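# Results of the structural survey
Now for the letters of each chain:
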Amino acid sequence: MESFKYTYEQLLAENNELRFQLEEANDTIDAIRSGQVDALVVKGEEGHQLYTLKTADQTYRVFIEKMNEGAVTLNREGIILYSNSRFAAMVNEPLEKVIGIYFDTFIAEVSAGKYKEVIRDGWNNDCKGEILLSSQDGKLTPCLLSCTTLDLDEGTALSLILTDLTAQKETEWELKIKNDQLEEAQNIAERLNNELEDTVRERTADLLISREHFKLLANNIPQMTWTNLPGGEVNFYNQRWFDYTGRRYGETAGWGWQQIVHPDDLQKTMDVYLASLNSGKVFELENRYLRWDNTYRWHLNRAEPLRDDKGEILFWVGTATDIEEQKKQLDLKDEFIGIASHELRTPLTSLKGYLQLIAIYKKEEVPLMVKQYVEKAGVALNKLQRLVNDLLDVSKIHAGRLEYAMSEVNLRDLVASTLENANHLYPEFDFINRSERNFFIAGNAGRLEQVLVNFINNSVKYSTDNRKIIVETRNVDGKIRVSVTDFGIGLSAGQIEHIFERFYRVEDKKFMASGLGMGLYISAEIINNHHGNIGVKSELGEGATFYFELPLLEK
Ligand code: ADP
C-alpha cells in the first residue's frame, strides 16, 4: 500500500488542510441556511460555475420586497430586525438607516399611546390599530398597523405590516367634507321648507281672511253680486241674489240665471254677455230680473274680469244694481218731455205763422226796426223748434217709437242740399264738398239729413280760428262713409266714449256752447235704425271727424 510512503509531517499538513476545508464548508452551509447567500460560484472540470439557491421562501421574499405595504419585524425590545424598502420609503430614510433602530422613532407623538397598546397586544394576539408615522422631515403618514408574531430560529419576533392610509384618509376627508356640505345643504333645504310651510300657512290664513272679508262684503252690499268663470258659468252669488230671486244656488248657478232674465231682454243679454266673454272687455247692460214675487225689476249689470300675472282671465266679478226707481223716474221724465214738447209744438207753429204774416205784411211800410225784430224772432223761433223737435225725438226713441219710411237715397244729393243750407246759414265758414260720386243707399232722407246737419252744426259750434269744414263721401270696405271734418277744439278719448249718450255734454268751462247733448244721441239712434255705424276720430285740440257708414244699395 502506498500510504506507508507519507511522513508524519505530511499527514499533519493534510489533516490541517482537511479541517480548514471542513470549516469552510460548514460556514457556507450556515450562510445558505441563514439566507445570506443567494448563489454560489463552484469550480468544476469546466471551470467556475454559478449555482443559484432557489429555495421555497424566495417567492415570499420577493413578494414582501415588492408589496405596497411596509413590512417590518421587531424584536422584544422594539428594535427593527428587518424592513422592506417600502417602509423605508414611507419614513423617507435609506434602508440601512432603518434596520437596527427602535421602531417608535418613527411614530408621531400623538400616536405613541396607541402604538404601545397595539404592540403590547400584538405579542399575544393578532391585532390592528391606526397610527401616524412621522418621518425625519416631519411628514405625517396615517397607517393601519397590523401585528402578528413570527417564530424565527433566533426566537419570536413581531411582524408589522403598515398600510398607508393617506389616499383613503383623503377620500374619507373628502367624503366628510362632502357629507358636511350635504348636511349643510340639507339644513338649508329644511329651513327653506319650514319657511315655505310658514309662508303657505300665513298665506292660507290671509286667503281665509280675505275670503271671509270678501264674503262679508259681498253679502252686505246693497247690490246683487256674482262671479263667473271665463267660459260664462256663474259659480258664486251673494246673499242679496238669493233674497231677491228666492231661488236656491243650484237653480241659477252655471247658466241657470237665464230663467230669471225677462224673455224680452234675454237675447240682448246673451249677445252682450258672450261678446264680453270673448273680448275680455267690461260687461255692461240693463235688463230685467224676475223677483221672488213674480215681478220684474230693471237692473244695471256690470262685470269686470280678474286677470292673473300673465293677463289670463281667472274669473269675472259682476254686480247687478236695481235701477227700477231710476227707470221709472226717467220714464216719467220722458213722458213729461214728450207731452210738453208736443204741447209746445202747437203754439210754436202758430207763432211761426204769425211771424210770417207780419213779415209779409204789405199794407203799410213796417218800420225797419220792427222788421229786424221780426227776423230775430224768426231765428230764435227756429232754434226753439229744433230743440222741441229734438226733445220729441228723444222721448220717441226712448219709447221705441222713432219710426220712418225708407226709400232710395242718393248720398251725393243729400250732401249737396245740406251744404247749400249750411252755406246760407254760416256764410263765414268755408265748406268743402268732396262728394262728387253717386252713392245709393236705403234710408230716410229727412232723418239722414238731420244727422248730417247735426254734424255740421257741431263742427261750426266747436270750431275755433280755422273755419274750414270738409264733407266727404267715399266707399270704405264696401260701406259708404259720409264724414264731416273740422279743425276745432277736438275731443279726448275719454270724452269720445260718452258723446253718443243721451244728454252728454263735455264740461269745458273755456268753451261754452249752447246745447242739451241730444244731437249725437239722436243721430246714433237714426244710424242704428239704418243698420249703419256712427263714429268719430279726434284728438283734443286737433279737430274732429264725425262720420256715419251705410250699406250700399244693391241694384
Ligand atoms: P250738443 O247739443 O251739446 O252739441 P251733441 O249731442 O250734438 O250735443 O254733442 C255732444 C257733445 O259732443 C257736445 O256737447 C260737445 O262737447 C261734443 N262735440 C260734438 N261735436 C263736436 C265737435 N265737432 N268738436 C268737438 N266736440 C264736439
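Computed from a prediction, not measured in an experiment: that's the story for all the values here.

### Quick notes on the overall build of the protein chain
When helices and strands are counted, the protein chain shows 15 helices and 19 strands. Looking at the 555 residues of the protein chain, the share that counts as buried comes to 33%. In the protein chain, 52% of the contacts between residues at least 6 apart in sequence involve partners at least 24 apart. Summed over all atoms, the accessible surface of the protein chain reaches about 36100 Å², with 54% contributed by carbon and sulfur.

### Some thoughts on the site of the ligand
Around the ligand there are 19 residues in total, and Asn-458, Lys-461, Asp-486, Arg-505 and Leu-520 lie nearest to it. A distance of 3.0 Å separates an oxygen atom of the ligand from a polar side-chain atom of Lys-461. In the environment of the ligand, an oxygen atom lies 3.3 Å from a nitrogen or oxygen atom belonging to the backbone of Gly-517. Computed on the free molecule, the ligand has an accessible area of 530 Å², of which 96% lies beneath the protein chains in the complex. The set of elements that each furnish at least two residues to the shell around the ligand consists of helix H13 (445–461) and helix H15 (519–529). For the shell around the ligand, the leading source of residues is H13, giving three residues. By residue class, the composition of the shell around the ligand is 10 nonpolar, six polar and three charged.

### Considerations on the packing of H13 against H15
For the pair H13 and H15, the least separation of the axes is 9 Å and the interaxial angle reads 145°. H13 and H15 meet at a crossing whose hand is left-handed. On H15, the residues that touch Arg-447, Leu-448, Gln-450, Val-451, Asn-454, Phe-455 and Asn-458 of H13 are Gly-519, Leu-520, Ile-522, Ser-523, Ile-526 and Ile-527. Class assignment of the residues belonging to the contact of H13 with H15 gives a composition of seven nonpolar, five polar and one charged.

### Let's talk about the packing of aromatic side chains
According to the stated counting rule, one finds 15 aromatic pairs in the structure shown. Geometrically, the ring pair formed by Phe-87 and Phe-106 is edge-to-face, given 5.7 Å between the ring centres and 85° between the ring planes. Linking Phe-87 in helix H3 (residues 85–90) with Phe-106 in the loop between helix H4 (95–98) and helix H5 (112–122), this pair joins segments that are 19 residues apart in sequence. One exposure class covers both Phe-87 and Phe-106, and it is buried. Ring centres of Phe-429 and Phe-431 lie 6.3 Å apart, and the angle between their planes is 35°; this geometry places the pair in the tilted category. Cluster of aromatic residues (ring-pair linked, three or more members): Phe-87, Phe-103, Phe-106 and Tyr-115. Sitting over the face of the ring of Trp-123, Arg-76 holds its NZ or CZ atom 4.2 Å from the ring centroid. The aromatic ring of Trp-298 is capped on one face by Lys-327, whose charged end is 4.4 Å from the ring centroid.

### Notes on unusual backbone geometry
If you check the backbone angles, Asn-294 has positive phi at about 70° while not being a glycine. When you line up the elements, Asn-294 lands in the loop between strand E10 (283–290) and strand E11 (296–307). Residue class for Asn-294 comes out exposed when judged on its relative accessible area of 61%. Phi angles above zero are rare outside glycine, and Asp-477 is one such case at about 50°.

### Structural notes on the side chain of Thr-269
Mapped onto the fold, Thr-269 is located in helix H9 (residues 263–279). Judged by relative accessible area, which is 2%, Thr-269 ranks as buried. Not counting residues up to four positions away in its chain, the partners in contact with Thr-269 are Trp-257, Val-261, Phe-283, Leu-285 and Asn-287.

### Some words on the sheet that holds strand E8 (residues 224–228)
Read across the open sheet, the five strands follow the order E9-E8-E12-E11-E10; overall the sheet is antiparallel. Of all the strands in the sheet, just strand E9 (234–237) and E10 have a single pairing partner and so form its edges. Within the sheet, the average angular offset between the axes of one strand and its neighbour, ignoring direction, is 25°. The sheet contact formed by E8 and E9 spans three bridges and is antiparallel. Bridge assignment links Thr-227 to a residue of E9, and that residue is Phe-236. Seen against the sheet, H9 touches E8, E9, E10, E11 and strand E12 (313–322) and runs at an angle of roughly 150° to E10.

### Overview of the pairing of strand E17 (residues 479–486)
The buried fraction of E17 is high, at seven of eight residues. Strand direction decides the pairing type here: strand E16 (residues 468–476) and E17, joined by seven bridges, are antiparallel. Looking across to E17, one finds that Val-476 is bridged to Lys-479. Here E16 folds back onto E17 in antiparallel fashion, the turn holding two residues, of which Asp-477 has a positive phi close to 50°. Bridge count for E17 against strand E19 (residues 544–551) is eight bridges, and the pairing is antiparallel.

### Here we look at the environment of Gly-70
By secondary structure assignment, the location of Gly-70 is in strand E3 (residues 70–74). The buried category is assigned to Gly-70, whose relative accessible area is 0%. In the structure, Gly-70 is positioned 16 residues away from Arg-86 in sequence and 5.1 Å away in space, judged by C-alpha atoms. Contacts of Gly-70, omitting those with residues within four sequence positions, involve Asn-84, Arg-86, Phe-87, Met-90, Leu-160, Ile-161 and Leu-162.

### Regarding the side chain of Ser-459
Position of Ser-459 relative to the elements: it lies in helix H13. For Ser-459, a relative accessible area of 1% translates into the label buried. What Ser-459 contacts, discounting residues up to four positions off in sequence, is Ile-469, Val-484 and Asp-486.

### Quick word on the sheet that holds strand E5 (residues 127–134)
In spatial order, the strands read E4-E3-E7-E6-E5; together these five strands make up an open sheet with antiparallel pairing. Of all strands in the sheet, those with a lone pairing partner are strand E4 (80–83) and E5, marking the two edges. Ignoring strand direction, the axes of neighbouring strands in this sheet form an average angle of 30°. Of the pairings in the sheet, the one linking strand E6 (residues 140–152) to strand E7 (residues 155–164) comprises 10 bridges and is antiparallel in character.

### A closer look at the nonpolar core
Judged by nonpolar contacts, the single largest core of 43 residues is most densely connected at Phe-431, Leu-452, Phe-455, Ile-456, Phe-546 and Phe-548. Of all the secondary structure elements, the ones that give two or more residues to this core are helix H11 (368–398), helix H12 (411–425), H13, E16, E17, H15, strand E18 (533–538) and E19. In contact with Leu-452, other than residues within four places in its own chain, are Leu-414, Val-415, Thr-418, Val-482, Val-484 and Phe-548. Core analysis: the next-biggest nonpolar cluster, separate from the first, contains 24 residues, Ile-107, Tyr-115, Cys-147 and Leu-160 among them.

What counts and how
Residues numbered from 1 in each chain as written. Predicted model: local features only at pLDDT ≥ 70, side-chain atom pairs only at ≥ 80, totals over all residues. Heavy atoms only, no water. Helix = DSSP H or I, 4+ residues; strand = E, 2+ residues; numbered from the N terminus. Buried < 20%, exposed > 50% of the residue type's maximum accessible area, 1.4 Å probe, protein only. Contact = heavy atoms within 4.5 Å. Areas by Shrake-Rupley, 256 points an atom, 1.4 Å probe, with all protein chains shown as cover. Near = heavy atom within 4 Å. Polar contact = N/O pair within 3.5 Å; in protein donor to acceptor, adjacent residues only side chain to side chain. Nonpolar A, V, L, I, M, F, W, Y, C, P; charged D, E, K, R; others polar. Axes fitted to C-alpha atoms, helices over the stretch in contact; angles between N-to-C directions. Left-handed = near helix turned anticlockwise from the far one by under 90°. Phe/Tyr/Trp six-rings, centres within 6.5 Å; stacked < 30°, edge-to-face > 60°. Lys NZ or Arg CZ within 6 Å of the ring centre and 35° of its normal. Pairing = 2+ DSSP bridges. Core = buried A, V, L, I, M, F, W, Y, C linked by side-chain atoms within 4.5 Å.

Just distances and angles here, no functional claims.
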